[in-house]
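So you can see what is in the structure, the chains are spelled out below.
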Amino acid sequence: MSPSKASESDQRAVGTPRRSDARRNHERVVAAAVEIFREYGTQASVPQIAARAQVGKATVYRSFPAKEDLLEAITGLSLERLEQHTASALREADPYEAFHLYVLELFAALARDRLLAERLADATSPAAASVLETLVSAMERARAAEKLREDVTEMDLRVVLCGTALQLVRLTERDPATWRRYGDMVLAALRR
């Protein structure tokens, strides 16, 4: 996506300034931040984003006073996309199938979005906490249906799933097939 083509919903999600030139700059910053954070994760810098958006650093800081504000806004956009992709998985009648499909959809999304993978594994992001809540809820339903190990806990989910995702990020793995393979391994580790 080019910096000038951020979607309307992306702009609403992170706020839109009033002046048309400020709005255009804001849209460019958001679009550039999405691209840069997906590629580099939390290690991306404000100067990288400003350069990609073709604006000055001060322009970025006018919309997002701290890098954490920008990280959280872009994490929120990534989560909106994730929720759109995983909605059908969570509607599955079989609790294990819902959990299974959600985990595989999640790994597919994380393969494309380094920021989301880091934020999920880090678990300090308020926005990423919603993914963990969804995961835990789906896990508990699958466990209650006796499809997962009876001793599986939220901590197990964080260690096994989030730890796997973080390690793949650290290894700079981007191949969706590799991420899928590890998603299958995570599911096998939790399966009854």
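Please refer to the structure placed before this passage.
On a predicted model such as this, the values are computed, not experimentally measured, just so you know.

*Asks:* How should the packing of aromatic side chains be read in this particular structure?
*Replies:* The geometry of two aromatic rings is summed up by the distance between their centres and the angle between their planes. According to the stated counting rule, one finds one aromatic pair in the structure shown. The ring of tyrosine 182 carries the charged tip of arginine 181 above its face, separated from the ring centre by 5.3 Å. Between the NZ or CZ atom of arginine 191 and the centre of the ring of tyrosine 96, over which it lies, the distance is 4.0 Å.

*Asks:* What is the right way to look at the environment of threonine 59 in this model?
*Replies:* Inspection of the secondary structure assignment puts threonine 59 in helix α4 (residues 57-63). Overall, threonine 59 belongs to the buried group, its relative accessible area being 14%. Measuring from C-alpha to C-alpha, the distance between threonine 59 and leucine 157 comes to 40 Å, with 98 residues separating the pair along the chain. When near neighbours in sequence (up to four residues on either side) are disregarded, threonine 59 contacts Asn25 and Val29.

*Asks:* Would you mind showing me how to read the nonpolar core here?
*Replies:* If you look at soluble globular proteins, the nonpolar side chains tend to sit buried side by side. Ranked by size, the top nonpolar core spans 36 residues in total, and within it Phe99, Leu106, Leu135, Leu161 and Trp179 carry the most contacts. Broken down by secondary-structure element, the contributors of at least two residues to this core are α5 (67-90), α6 (95-112), α7 (114-122), α8 (129-144), α9 (154-170) and α10 (176-190). When residues of this core are assigned to their parent elements, the largest contribution, ten residues, is made by α6. Sequence-distant contacts of leucine 106, that is, excluding residues within four places in its chain, are made with Leu82, Leu120, Val131, Leu135 and Leu161.

*Asks:* What should I look at first to understand the pattern of salt bridges in this one?
*Replies:* Pairing between side chains of opposite charge can happen when the charged atoms of each approach one another. For the coordinates displayed, the defined rule picks out twelve salt bridges. Between glutamate 118 and arginine 114 there is a salt bridge, and its shortest N-O distance comes to 2.9 Å. Residue glutamate 118 and its partner arginine 114 are located together in helix α7, separated by four residues, close to a single helical turn. Both residues of the pair, glutamate 118 and arginine 114, belong to the buried class. Here glutamate 154 and arginine 158 are joined by a salt bridge, their closest N and O atoms 3.3 Å apart.

Rules used throughout
- Residues numbered from 1 in each chain as written.
- Predicted model: local features only at pLDDT ≥ 70, side-chain atom pairs only at ≥ 80, totals over all residues.
- Heavy atoms only, no water.
- Phe/Tyr/Trp six-rings, centres within 6.5 Å; stacked < 30°, edge-to-face > 60°.
- Lys NZ or Arg CZ within 6 Å of the ring centre and 35° of its normal.
- Helix = DSSP H or I, 4+ residues; strand = E, 2+ residues; numbered from the N terminus.
- Buried < 20%, exposed > 50% of the residue type's maximum accessible area, 1.4 Å probe, protein only.
- Contact = heavy atoms within 4.5 Å.
- Core = buried A, V, L, I, M, F, W, Y, C linked by side-chain atoms within 4.5 Å.
- Salt bridge = Lys/Arg side-chain N within 4 Å of Asp/Glu carboxyl O.

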